[in-house]
Amino acid sequence: MQPLEWSRAQARRFLATYHFTRGSLGEVLARLGSIQFDPLRPLGCNHDLVLQARVPGYRVDDWQQAAYGERLLYDAWDKQACLVPPGDWPYRTIYRDYFERAWQKRILGPYASEVERTLEELSRRGPLSSLDFEDQTRVDEWAGSWYGPKLVKQILRALWDSGHVVTHHRVNGRHVYALPTQVIPEEHLCARPATRRESLRFVITRRHQTAGLLRDFADGGLWGDQVRTPERRETIAELVAEGVLTTVDVEGDRYHLRSEDLRWLDLEPPEPRMVFVAPLDSIMWDRTAVSRLFGFDYVWEVYKPESERRWGYYVLPVFYRDRFVARMEAKVEGGSLRIERWWWEEGVEVSGQLLEAFAVAAREFSGYLGAGEVKLGRRMAIATRKGLAEALLGRVDP
């Protein structure tokens, strides 16, 4: 089958329509299939930011009712830690098997008796956080490790990664663990586990669903060590041959998307609005593609030393129509949304219409955060601050 041929403009329009057409929380979850979880929350967490960009009226932490109240989502390993539908359970064997092997030598084998006691205590007393277990033994040689020196915390992480326990809910970001029978519906938990090939096909198809459009050689971090490059390429070729995926040539670069998502081409693009985009939003997952399609180079600098940052600690991309038009650094201070810095992208025409879109977006974003008025910091260019201030006051010409 010959690939479709798109211009970069067509690819941008598709991604803008696919990602930023608004819908209910349930509709957005069904569309994306996976939302990357990150606990940092200067402006809500990453998953909050993903949802506020797509769900009208969304407020910080609304996801928790969907995940831990209605059980529309559960915490799982995907690209990284993500929120995914419970119906995924039988198909995520590729991750559980990988981590079962990875933790065997370090935890599951050497501490087998402690692992068994942890599962027994969880069955008897759960759900429990790592702080609630009776045994709080420390292993001094783990003092500098990512998961800390407590044996029970390392055991729980090994069990979580390999699917023997799941997140029941969180308290201040901390996992409260339970056995899968307490979280995953029986119909999914008791379904036949997918073979590696079935799991691989599922994961690759889902990754295209979440991103919308993926390059043939998308950045390696998108796939992880669980999906080996040769079998990924072979599986993509199979899915294309079967019509599950469609190949698209975008001015010399090869991409794929789910064939069923071609329907988004026939939909009208969403009404022009400004969107504040999460740093780990799935439209940002392949940064090379973002650069090639949108001319927007973005690096999340949150883990860089301050002296090495070009932009700032937690800077959000700003999207309008089918372009990234700006970057914003903001925080909640004294009950207000304070936009500390704002950088228009080079070549952006700052029209009255664009400034009006900023004013609407800033007020909606303030409401999402539960903040009051929008304030502007003084660390931005004078002309930029003046334009944004006039927009907030309603003093710009269309």
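Keep in mind that what you see is a predicted model, and the values were worked out from it rather than measured.

1. A closer look at the side chain of T247
You can see T247 is positioned in strand β8 (residues 245-250). Among the polar contacts made by the side chain of T247, one reaches the side chain of H256 at a distance of 3.1 Å. With residues near it in sequence (within four places) discarded, T247 still touches P3, L4, V240, R254, Y255 and H256.

2. Description of the pairing of strand β11 (residues 315-320)
The element β11 is extensively covered by neighbouring structure, given that six of its six residues are classed as buried. Here β11 shows no split at all, with V315, P317 and F319 on one side and L316, V318 and Y320 on the other all buried. Pairing geometry for strand β10 (residues 274-276) and β11, over three bridges, is antiparallel. Within β11, the residue paired with M274 across the bridge is Y320. The hairpin turn running from β11 into strand β12 (residues 323-333), its antiparallel successor, is two residues long, and R321 in that turn takes a positive phi close to 55°.

3. A look at helix α7 (residues 151-161)
Where burial is concerned, most of α7 is hidden: ten out of the eleven residues are buried. The secondary structure elements touched by the buried residues of α7 are β3 (74-77), α5 (93-108), α6 (112-125), β5 (166-171) and β6 (174-178). Phi turns positive, to about 85°, at G163, one or two residues after α7.

4. Quick look at the packing of aromatic side chains
Following the criterion strictly, the structure yields 27 aromatic pairs and no others. Geometrically, the ring pair formed by Y91 and F202 is stacked, given 4.8 Å between the ring centres and 15° between the ring planes. Here the residue Y91 occupies a position in the loop between β4 (81-84) and α5, and F202 occupies one in helix α9 (residues 196-211), the gap between them amounting to 111 residues. The partly exposed category is assigned to Y91, whose relative accessible area is 37%.

5. Points about the packing of α9 against helix α10 (residues 229-241)
A pair of packed helices is characterised by two quantities: the angle between their axes and the separation of those axes. Close contact between α9 and α10 brings their axes to 10 Å; oriented N to C, the two are set at 75°. Here α10 runs roughly perpendicular to α9, going by the angle between their axes. Contacts from R196, R197, L200, R201, I204, T205 and H208 in α9 reach E231, R232, T235, I236, E238 and L239 in α10. Residues of the contact of α9 with α10, tallied by class, amount to four nonpolar, three polar and six charged.

6. Side note on the state of the cysteines
By the definition in use, this model includes zero disulfides. C45 takes part in no disulfide bond, and the closest cysteine sulfur, belonging to C82, lies 14 Å away. For C45, a relative accessible area of 5% puts it in the buried group.

Procedures and definitions
- Residues numbered from 1 in each chain as written.
- Predicted model: local features only at pLDDT ≥ 70, side-chain atom pairs only at ≥ 80, totals over all residues.
- Heavy atoms only, no water.
- Helix = DSSP H or I, 4+ residues; strand = E, 2+ residues; numbered from the N terminus.
- Polar contact = N/O pair within 3.5 Å; in protein donor to acceptor, adjacent residues only side chain to side chain.
- Contact = heavy atoms within 4.5 Å.
- Buried < 20%, exposed > 50% of the residue type's maximum accessible area, 1.4 Å probe, protein only.
- Pairing = 2+ DSSP bridges.
- Phe/Tyr/Trp six-rings, centres within 6.5 Å; stacked < 30°, edge-to-face > 60°.
- Axes fitted to C-alpha atoms, helices over the stretch in contact; angles between N-to-C directions.
- Parallel < 35°, antiparallel > 145°, perpendicular 65-115°, else oblique.
- Nonpolar A, V, L, I, M, F, W, Y, C, P; charged D, E, K, R; others polar.
- Disulfide = S-S within 2.5 Å.

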